[in-house]
Amino acid sequence: MVAELTRDEMLHNVKADYKYGFHMGEEDYAFKSGKGLTREIVTQISKMKNEPEWMLKYRLKALEIFLKKPMPTWGNSQMLGDIDFENIHYFVRATEKQGRDWEDVPEGIKKTFDRLGIPEAERKFLAGVTAQYESEVVYHSIREDLEKQGVVFLDMDSGLREHEEIVRKHFGTVIPAADNKFSALNSAVWSGGSFVWVPEGVKVEIPLQAYFRINTENMGQFERTLIIAEPGSYVHYIEGCTAPTYSSDSLHSAVVELIAKPGAHIRYTTIQNWSNNVYNLVTKRAVAEAGAKVEWVDGNLGSKLTMKYPSIYLMGPKAHGEVLSIAFAGEGQHQDAGAKMVHFAPDTSSIIVSKSISKDGGRTSYRGLVKVYPGADNVKSSVKCDALLMDEESRSDTYPTMEIDEKDVTIEHEASVSKVGEDQLFYLMSRGLTQDEATTMIVNGFFEPFTKELPLEYAVELNRLIALNMEGSVG
Amino acid sequence: MSATPILEIKDLHVEVEGKEILKGVNLVVNAGEVHALMGRNGSGKSTLSYTLMGHPRYVVTKGSVKYRGEDLLALSTDERARKGMYLAFQYPVAIPGVSVSNFLRSTVKARRAVDIPVKEFRKELKEAMAKLGVKDEFLSRYVNDGFSGGEKKRLEILQMALLKPEMALLDETDSGLDIDALRTVAEGINALANKDNALLLITHYQRMLDYVSPGFVHVMQAGQIVKSGGSELAKELEAQGYDWVTKELASSGSSK
Ligand SMILES: Nc1ncnc2c1ncn2[C@@H]1O[C@H](COP(=O)(O)OP(=O)(O)OP(=O)(O)O)[C@@H](O)[C@H]1O
Ligand SMILES: [Mg+2]
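Bear in mind that the values here come from a model prediction, so they are computed numbers and not experimental data.

A. Region of interest: the overall build of chain B. Secondary structure assignment for chain B yields nine helices and twelve strands. Radius of gyration (C-alpha) of chain B: 18 Å, near the 18 Å computed for a compact globule of 256 residues. With the C-alpha coordinates of chain B rotated into their principal frame, the extents come out at 60 × 40 × 40 Å. Look at the contacts in chain B between residues 6 or more apart in sequence, and 69% of them connect residues 24 or more apart. About 10900 Å² of surface is accessible on chain B, with carbon and sulfur atoms providing 50% of the total.

B. Inspection of the packing of aromatic side chains at higher detail. All names here are of chain A. In the structure shown here, the tally under the stated rule is 18 aromatic pairs over all chains. Considering the side-chain rings of Y313 and F344, the 5.6 Å spacing of their centres and the 55° angle between planes classify their relative orientation as tilted. Taken together, the residues span a long stretch of sequence, with Y313 in strand β16 (residues 311-314) and F344 in the loop between β18 (334-343) and β19 (349-358) at a distance of 31 residues. Its relative accessible area of 23% is what places Y313 among the partly exposed residues.

C. Focus on the environment of V353(A). Residue and element names in this part refer to chain A. If you trace the backbone, V353 turns up in strand β19. For the pair V353 and C385, spaced 32 residues apart in sequence, the C-alpha to C-alpha distance is 5.9 Å. Residues within four places of V353 in sequence aside, it is in contact with V323, L324, S325 and K384.

D. How the structure looks around helix α2 (residues 39-48) of chain A. Residue and element names in this part refer to chain A. Considered for burial, the residues of α2 that qualify are I41, V42, I45 and S46. Seen from one end, α2 has its buried residues packed into an arc of 135°, which puts them on one side. Every exposed residue of α2 that faces more than 90 degrees away from the buried side is listed here: E40 and K47. In the core, the buried residues of α2 are packed alongside α3 (53-68) and α10 (181-189). One or two residues past the end of α2 sits N50, with phi positive at roughly 55°.

E. Structural view of the site of ligand 1. Residues and elements named next belong to chain B. Neighbouring ligand 1 are 17 residues; G42, G44, K45, S46 and T47 lie closest to it. Contact between ligand 1 and E17: a nitrogen atom at 3.4 Å from a side-chain N or O atom of the residue. A distance of 3.0 Å separates an oxygen atom of ligand 1 from a polar atom in the side chain of Q90. Against a free-state accessible area of 630 Å², the protein chains account for coverage of 70% of ligand 1. For the shell around ligand 1, the secondary-structure elements that each account for two or more residues are β2 (19-29) and α1 (45-53). At three residues, the largest contribution of residues to the shell around ligand 1 is made by α1. A class-by-class count of the residues in the shell around ligand 1 yields three nonpolar, eight polar and six charged.

F. Region of interest: the nonpolar core. Among the nonpolar cores identified, the biggest contains 118 residues, and L428(A), I9(B), L48(B), L52(B), L104(B), L158(B) and M167(B) are the most heavily contacted of them. Excluding its chain neighbours within four sequence positions, the residues that come into contact with L158(B) are L104(B), L125(B), A128(B), M129(B), L132(B) and V134(B). Judged by nonpolar contacts, the second largest core, of 34 residues, contains Y268(A), M341(A), V383(A) and C385(A).

G. Looking closely at the sheet that holds strand β10 (residues 198-202) of chain B. All names here are of chain B. Judged by pairing direction, the sheet is mixed, and its six strands sit side by side in the order β6-β9-β10-β3-β11-β12 without closing on themselves. Strands at the two margins of the open sheet, each flanked by one partner only, are β6 (85-88) and β12 (224-229). When strand polarity is set aside, the average angle formed by the axes of neighbouring strands in this sheet is 20°. Pairing of strand β3 (residues 34-39) with β10, which is carried by four bridges, proceeds in the parallel orientation. Paired with L37 across the two strands is I202, which belongs to β10. Packed onto the sheet, α1 meets β3, β6, β9 (167-171), β10 and β11 (216-221) and runs at close to 145° relative to β6.

H. Region of the structure containing the pattern of salt bridges. Under the counting rule described, the total for this entry stands at 36 salt bridges over all chains. Of the charged contacts, one joins D386(A) and K355(A) as a salt bridge, the two residues approaching to 3.6 Å between their closest N and O atoms. Placement of D386(A) in strand β21 (residues 379-389) and of K355(A) in strand β19 is noted, with a sequence separation of 31 residues between them. Under the relative-accessibility criterion, K355(A) is labelled buried at 10%. One salt bridge connects E127(B) with K123(B), and the closest N-O pair in it is separated by 3.8 Å. Of this pair, E127(B) and K123(B) both sit in helix α4 (residues 118-132), four residues apart, which is roughly one turn of that helix.

I. A look at the confidence of the model for chain A. Residue and element names in this part refer to chain A. Per-residue pLDDT for chain A has a mean of 82; in total, 77% of the residues score no lower than 70. The model gives residues 118-140 a pLDDT under 50, and that stretch makes 106 contacts with residues more than four places away or in other chains. Contacts for the low-pLDDT stretch residues 212-219, under 50 throughout, to residues beyond four places or in other chains number 60 contacts.

J. Representation of the pairing of β10(B) in the model. All names here are of chain B. For β10, a buried count of five out of five residues is recorded, marking the element as mostly surrounded by other parts of the structure. Residues A198, L200 and I202 line one face of β10 and the alternating positions L199 and L201 line the opposite face, and both faces are buried. Pairing geometry for β9 and β10, over five bridges, is parallel. Bridging from a neighbouring strand, D171 pairs with I202 of β10. In this view, the connection linking β9 to its parallel neighbour β10 by way of helix α6 (residues 179-192) has right-handed handedness.

K. Quick peek at the coordination of the magnesium ion (ligand 2). Residue and element names in this part refer to chain B. Surrounding the magnesium ion (ligand 2) are the protein donor atoms S46 (OG) and Q90 (OE1), at 1.9 to 2.2 Å. Separated by 44 residues along the polypeptide, S46 in helix α1 and Q90 in the loop between β6 and β7 (95-99) bring together distant segments of the chain. Under the relative-accessibility criterion, S46 is labelled buried at 18%. Overall, Q90 belongs to the buried group, its relative accessible area being 14%.

L. Broad picture of the environment of S311(A). All names here are of chain A. Take S311: it is sitting in strand β16. C-alpha of S311 to C-alpha of F447: the two residues are 136 residues apart in sequence and 21 Å apart in space. Among residues more than four places away in sequence, those in contact with S311 are K284, R285, A286, W296 and K340.

Reading guide: rules and limits
Residues numbered from 1 in each chain as written. Chains lettered and ligands numbered in written order. Predicted model: local features only at pLDDT ≥ 70, side-chain atom pairs only at ≥ 80, totals over all residues. Heavy atoms only, no water. Helix = DSSP H or I, 4+ residues; strand = E, 2+ residues; numbered from the N terminus. Rg over C-alpha atoms; globule rule 2.2 N^0.38 Å. Contact = heavy atoms within 4.5 Å. Areas by Shrake-Rupley, 256 points an atom, 1.4 Å probe, with all protein chains shown as cover. Phe/Tyr/Trp six-rings, centres within 6.5 Å; stacked < 30°, edge-to-face > 60°. Buried < 20%, exposed > 50% of the residue type's maximum accessible area, 1.4 Å probe, protein only. Arc of directions from axis to C-beta. Near = heavy atom within 4 Å. Polar contact = N/O pair within 3.5 Å; in protein donor to acceptor, adjacent residues only side chain to side chain. Nonpolar A, V, L, I, M, F, W, Y, C, P; charged D, E, K, R; others polar. Core = buried A, V, L, I, M, F, W, Y, C linked by side-chain atoms within 4.5 Å. Pairing = 2+ DSSP bridges. Axes fitted to C-alpha atoms, helices over the stretch in contact; angles between N-to-C directions. Salt bridge = Lys/Arg side-chain N within 4 Å of Asp/Glu carboxyl O. pLDDT = per-residue confidence, 0-100. Right-handed = clockwise from strand over helix to strand, strands pointing away. Donors = N, O, S within 2.8 Å, 3.2 Å for Na, K, Ca; no water.

Here is the structure:
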């Protein structure tokens, strides 16, 4: 029956009773570190995970770097200055054991997942679920055909245990600990995240999905993801992030490294909806070798401050990179997001499309870099940024940087800032839609080039989130 | 004719950006009636239609409008629409990224105040589209985005067919239509007209009125309705132009 409906019909056939954000019934943790960050805590995290010595050393080195590195001076330094690193739990373990079957997952956590609709999603067409509950992956399953194809899809902790050599060879090679203060922090205290390895020539037909969720007050979440696509392979990885609202500030600082070997194709989709007090400071970077293709599809809603600039290093000839991102900033929020494309090789191409909406005094910034190194001739790059302002108090800025050290390149750049048109609103309201409904419809339309790239259930979720954000009643 | 008119406009004065455009419009429309409103470019026809629909730029400075006895001007645009007012726009607005099918379903849901099951709605929609010669592919296109002039007008009529208004204002729905489209659209309009609703057709051309024959024809000039008559008035205008009305008014001294 459902199959007979078109995607468009399903997408807009959403019930109105959707509500986000909740607390767990009981606060039942197997382990919770004290607040603050010391060598002892880092060592304890590593020991609890039974990590090899090299990882402990890596963590401790990263901690030193973190403590020495100054805060970024760009983005929103005022908001960054408010982060109290001493007031954060760097490690929380929800249960001792990882569940592999749904039945093994503890009841309280199941309820959480039920609210997120994960079991249904899984029953339908999940390839594998790795759902991060607090700092540890507690539920994880891989469908048999994936295993048959030889695809590895694990949480990062298990990845390290079971595939130590692959991890050691690639971990931190795309984003070194010293890259920036927050990558250093993540490298010191990382926990969870996903490890994906796709063998040569294997196409993973179904998106790999992961859900992340912060559920403890004052808890940092530092997941670490590493995806390696061997030559000629394809994988689509999706993460959805949501967080309930808490009164004091939480920190989310992930590191995501993608490696697309020659001719491989990686698509990485994120829908994040952190609660309005989360600092979301994420480093995402991909390496695309010859003829490889990498796409970041990145949706940023919620959080207090997001600073995130997915980047692609186009290392080999004919590599192609795309970043398609949306950002929504409401009251008290700043979405400082963008993209970086670095062309090291000839015949490489890149596309950046950024769409942002600011409302109720919210602020969005596009911060982008297109860099072309000498010798990288016949490069093509296009950048398009559209900002939509919902009212007079809201703000949008663009900081596009172009560093082009080669003559034979084609670079296009377009930027627009517009307001929700009175005539569009009037047209929709003259058909009986309330002002809120009309506005939401216009906003959904504005984001449609992004939404249409998402699998249906994520598109539905995004539209609902936008509707909630338009009402200003998230939480 | 029922006791309460559907629409009752009294001495309506309207300003746009501080400039008075409507200068005392009077008009009564009863259920079952079809009215035509004609007049030169810039005489204030669209201003009247926007005002009746509640566009925020059009400020009523004097006068009253009653809709089925209720103060229309006190209602918001969306309330007017849900109560059965409808405006087919002279220049329909594009809503990029919003599919026609999603748009139509949302508006129908708003107007009927019930959620219609997707498939039921689709059936109804396909029937209405077939009658108006709207192609299926339109459903997945974005509302009025890149539509030709005639396509936009057809979509306006399709919406009217689905929303089933009680008082429909059609602002030059006939312009931009080719001859076949004009006939289809006119047939669509006729199919919708019944004894319980009413239509106000704003038009420049007799050819539309050949299909949809109005019982009442009004001429607007400089923000007022200066002459009203039956369908013969439209024919006279077609033959003689508006100068004839202007001259007649000047000689009778009934207007400025
Ligand atoms: N937003 C506006 N700002 C300034 N003047 C306006 C505005 N809207 C309408 N007007 C003026 O009001 C007058 C009436 O315009 P209106 O659109 O109502 O005419 P109309 O009778 O519908 O003409 P047409 O036959 O060309 O459609 C015109 O002189 C027009 O320029
Ligand atoms: Mg007009």
